[in-house]
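Here are the chains, one letter per residue:
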Amino acid sequence: MPNSPAFSIVGALASVFMLTSAIAAQDHARRGSLEAALRALILESGAEVAVAFRTLDGRSQVLIDPDKPFHAASTMKVPVMIELFRQARAGTVALDEPIPVRNEFRSIVDGSTYKLSEGDDSDKAIYAAVGKTLTLEQLNEAMITVSSNFATNLLIEKLGVEKIRATIATLGAEGMQVLRGVEDQKAFDKGLNNSTTARGLMVLFDRLGHGRAVDSKSDAAMIGVLKRQKFNDAIPAGLPAGRVEVAHKTGNITRIHHDAAIVYAKRPYVLVILVRGIQE
């Protein structure tokens, strides 16, 4: 696998995804051969890579370092969405509830305030709404489809990080740890970061795929949002163009490139790829 700047992480992962997508139709012996091929490809890349694959029918699974922790990057936005829909079902919040948009958040280290930088965010639209209101549903759409950090922090503030963690535990996705919102520099400097494992994300997406994260109606709505993801240069890039629906969430920061998905192939499956150590 080339390591030149021109051969981006997207191209590297696409090769892995293409191999992995073939596993759904293979028997146990051939899965072992594919796992060996994947491990060889990972070794050649020079990166740390974790893979978690499971068909939704539960009959096929491949796990490569599934419990190795990684910085979660924006994959942590998936449990935030799940908690939003959980509270909406419970009647604690309403998806059409408007909340004020203000760019002021508190560090988990000492409670001091900090602001998000528009230049460091993948979405600019929320910043234009400062001083106005947006609904929780609008914030969720921005958080998932364009990975808005601003929308994420507003939702975490509204929902409560402790409740997000409790829901993660209830769903059995202990490998996912959400400690805080995004861009809390004081927390980052102290190593207080959101983290995940490939298995943790696989559990969350498997729950969504079976309608058991919140309930069938809520989960179908969340999958609809994930299918509207705007960043499609990872898992979708390794699949036949335009022929397979993918509901997924990416996560990218310096030297971190993740994607977690439900791939609606003939035999649907969950696929999680976590990568650390390849430059952009």
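Residues numbered from 1 in each chain as written. Predicted model: local features only at pLDDT ≥ 70, side-chain atom pairs only at ≥ 80, totals over all residues. Heavy atoms only, no water.

Caption draft 1: View of the packing of helix H5 (residues 136–145) against helix H6 (residues 149–159). Two elements in contact, H5 and H6, have axes whose closest approach is 8 Å; the angle formed by their N-to-C orientations is 130°. Here H6 runs oblique to H5, going by the angle between their axes. Helix-helix and strand crossings are classified by hand; for H5 and H6 the assignment is left-handed. Touching Leu136, Leu139, Asn140, Ala142 and Met143 of H5 are Ala151, Thr152, Leu154, Leu155 and Lys158, all from H6. (Axes fitted to C-alpha atoms, helices over the stretch in contact; angles between N-to-C directions. Helix = DSSP H or I, 4+ residues; strand = E, 2+ residues; numbered from the N terminus. Parallel < 35°, antiparallel > 145°, perpendicular 65-115°, else oblique. Left-handed = near helix turned anticlockwise from the far one by under 90°. Contact = heavy atoms within 4.5 Å.)

Caption draft 2: How the structure looks around the confidence of the model for the chain. When pLDDT is averaged across the chain, the result is 87; 88% of the residues are at 70 or more. This stretch, residues 1–12, has a pLDDT under 50; its non-local contacts, to residues over four places away or in other chains, come to 15 contacts. (pLDDT = per-residue confidence, 0-100.)

Caption draft 3: Structural context of helix H3 (residues 77–90). Taking 1.5 Å as the rise per residue, H3 with 14 residues should run 20 Å; its terminal C-alpha atoms sit 20 Å apart, in good agreement. Summarising burial for H3: 10 of the 14 residues are buried, a large majority. Those residues of H3 lying buried are Lys77, Val78, Pro79, Val80, Met81, Ile82, Glu83, Leu84, Phe85 and Gln87. Each element contacted by the buried residues of H3 is listed here: H5, H6, helix H7 (161–170), helix H9 (198–209), helix H10 (216–227) and strand S9 (245–253). One or two positions beyond H3, positive phi appears at Gly91, with a value near 85°. (Expected span 1.5 Å × (residues − 1). Buried < 20%, exposed > 50% of the residue type's maximum accessible area, 1.4 Å probe, protein only.)

Caption draft 4: Main features of the packing of aromatic side chains. Using the criterion set out here, one finds 4 aromatic pairs in the structure. Ring centres 6.0 Å apart and planes at 85° place the aromatic pair Phe105 and Phe150 in the edge-to-face group. One end of the pair, Phe105, is in strand S5 (residues 105–106); the other, Phe150, is in helix H6, with 45 residues separating them in the sequence. Of the two residues, Phe105 and Phe150, both sit in the buried class. When the centroid spacing of 4.8 Å and the interplanar angle of 55° are considered together, the rings of Tyr127 and Phe150 count as tilted. Here Phe150 lies in helix H6 and Tyr127 lies in helix H4 (residues 125–128), a separation of 23 residues in the sequence. Of the residues examined, Tyr127 reaches a relative accessible area of 12% and is grouped as buried. On the accessibility criterion, Phe150 (0% relative accessible area) is buried. The rings of Phe105, Tyr114, Tyr127 and Phe150 are connected pair by pair, giving a single aromatic cluster. The ring of Tyr264 has Lys227 lying over it, and the distance from NZ or CZ to the ring centre is 4.6 Å. (Phe/Tyr/Trp six-rings, centres within 6.5 Å; stacked < 30°, edge-to-face > 60°. Lys NZ or Arg CZ within 6 Å of the ring centre and 35° of its normal.)

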